[in-house]
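Chain residues, written in single-letter form:
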Amino acid sequence: GVTDAAEYLWDVDGDGEFDDATGRQPLLTWDQLEGLTNPINDQGQFEIVLRVIDGNLSRDAVTTLVVTNVAPVASWLTISTAVAGKSTSFSISATDVESDPISVAWIFGSDAEPVMTNATNFDHVFPEPGDYEVTVIVSDDDGGETALVQSVRVTPEMVTVVDSPFEADLIV
């Protein structure tokens, strides 16, 4: 078989040193990119240089690394039983890959105004029984968004009638 005796050296952080990675197809994690001399820690375009050394020959190739924003990851955790006139608790999990700050918008019903917060737990009172759509939009400061939508059935408040030891006559 054919072997590749060439040496592949990478300058990913633009410091002029070819010490950031080796090999034909290096794999760098986000943590490694953030730990470089000139860190790559946000979206943008970054010039990287590959130096290939094969015996006495050396050649550099310049390219651009494009880092795009990844939207936050969000999922429902819990929704308490929804009863009209009573507080209903909602809980989500939300994280951002790049550790950007996140904001959360809670929308209770199709015509409702969003409630902006940083809270991943929220309590809401539905005034009337019925079916409602709850939307949560999680955003990062680079413009990434993730939306969660959940249908919620709100039941009427149950009234318990307790037998009384007293009898009452109804006069009509």
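Residues numbered from 1 in each chain as written. Predicted model: local features only at pLDDT ≥ 70, side-chain atom pairs only at ≥ 80, totals over all residues. Heavy atoms only, no water.

Caption draft 1: The arrangement of the overall build of the chain in detail. Looking only at helices and strands, one finds one helix and eleven strands in the chain. Tracing the chain from N to C terminus, the helices and strands come up as β-β-α-β-β-β-β-β-β-β-β-β. For 172 residues, the compact-globule estimate of 2.2 N^0.38 gives 16 Å, and the chain exceeds it by more than 25% at 29 Å. Its C-alpha atoms give the chain principal-axis dimensions of roughly 115 × 35 × 25 Å. Counting every position in the chain, which comprises 172 residues, the buried fraction comes to 28%. Relative to all contacts within the chain whose residues are 6 or more apart in sequence, the contacts with residues 24 or more apart total 52%. About 11,600 Å² of surface is accessible on the chain, with carbon and sulfur atoms providing 51% of the total. The averaged location of the 31 negative side-chain charges in the chain is 10 Å from the averaged location of its 5 positive side-chain charges. (Helix = DSSP H or I, 4+ residues; strand = E, 2+ residues; numbered from the N terminus. Rg over C-alpha atoms; globule rule 2.2 N^0.38 Å. Buried < 20%, exposed > 50% of the residue type's maximum accessible area, 1.4 Å probe, protein only. Contact = heavy atoms within 4.5 Å. Areas by Shrake-Rupley, 256 points an atom, 1.4 Å probe, with all protein chains shown as cover. Lys, Arg positive; Asp, Glu negative; His and termini not counted. Charge placed at Lys NZ, Arg CZ, Asp CG, Glu CD.)

Caption draft 2: A look at the sheet that holds strand S11 (residues 145-154). Pairing in this open sheet of four strands is antiparallel, and the strands run S8-S7-S10-S11 from one edge to the other. Either end of the sheet is taken by a strand with one partner, and the two such strands are strand S8 (115-117) and S11. Between one strand axis and the next, the sheet turns by 20° as a mean value, whatever way the strands run. In this structure, strand S7 (residues 102-108) lies alongside S8, joined through three bridges in antiparallel fashion. Residue pairing for S8: Trp-106 is matched across the bridge by Val-115. (Pairing = 2+ DSSP bridges. Axes fitted to C-alpha atoms, helices over the stretch in contact; angles between N-to-C directions.)

Caption draft 3: Summary view of the pattern of salt bridges. In the structure shown here, the tally under the stated rule is three salt bridges. Residue Arg-51 is joined to Asp-60 by a salt bridge in which the shortest nitrogen-to-oxygen separation is 2.8 Å. Taking the relative accessible area as the measure of exposure, Arg-51 reaches 27% and is therefore partly exposed. Assessed through its relative accessible area of 39%, Asp-60 is described here as partly exposed. (Salt bridge = Lys/Arg side-chain N within 4 Å of Asp/Glu carboxyl O.)

Caption draft 4: Focus on the sheet that holds strand S1 (residues 7-11). Taken in spatial order, the four strands make up an open sheet running S2-S1-S3-S4, and their pairing is antiparallel. In the strand order of this sheet, the two ends are held by strand S2 (21-22) and strand S4 (57-67), each with one partner. Inspection of the sheet shows S1 paired to S2 by two bridges, in the antiparallel sense. By the bridge assignment for S2, Leu-9 is matched with Thr-22.

Caption draft 5: Structural detail: the packing of aromatic side chains. Enumeration over the complete set of coordinates arrives at ten aromatic pairs. When the centroid spacing of 5.4 Å and the interplanar angle of 55° are considered together, the rings of Phe-90 and Phe-108 count as tilted. Taken together, the residues Phe-90 in strand S6 (residues 87-95) and Phe-108 in strand S7 connect sequence positions 18 residues apart. In this pair, the class of Phe-90 matches that of Phe-108, namely buried. Take Phe-108: its relative accessible area is 9%, and that puts it in the buried class. Members of the aromatic cluster, connected to one another through ring pairs, are Trp-76, Phe-90, Trp-106, Phe-108, Phe-122, Phe-126 and Tyr-132. (Phe/Tyr/Trp six-rings, centres within 6.5 Å; stacked < 30°, edge-to-face > 60°.)

Caption draft 6: Spatial organisation of the nonpolar core. In terms of nonpolar packing, the biggest core is built from 17 residues, with Ile-92 and Trp-106 touching the most fellow members. Put simply, the parts of the chain that give this core at least two residues each are S6, S7, strand S10 (130-140) and S11. Non-local contacts of Ile-92, meaning those with residues more than four positions away in its chain, are made with Ser-75, Trp-76, Leu-77, Val-104, Trp-106, Thr-120, Val-136, Val-138 and Leu-148. Grouped together as the second largest cluster of nonpolar side chains are eleven residues, Val-12, Ala-21, Leu-50 and Val-67 included. (Core = buried A, V, L, I, M, F, W, Y, C linked by side-chain atoms within 4.5 Å.)

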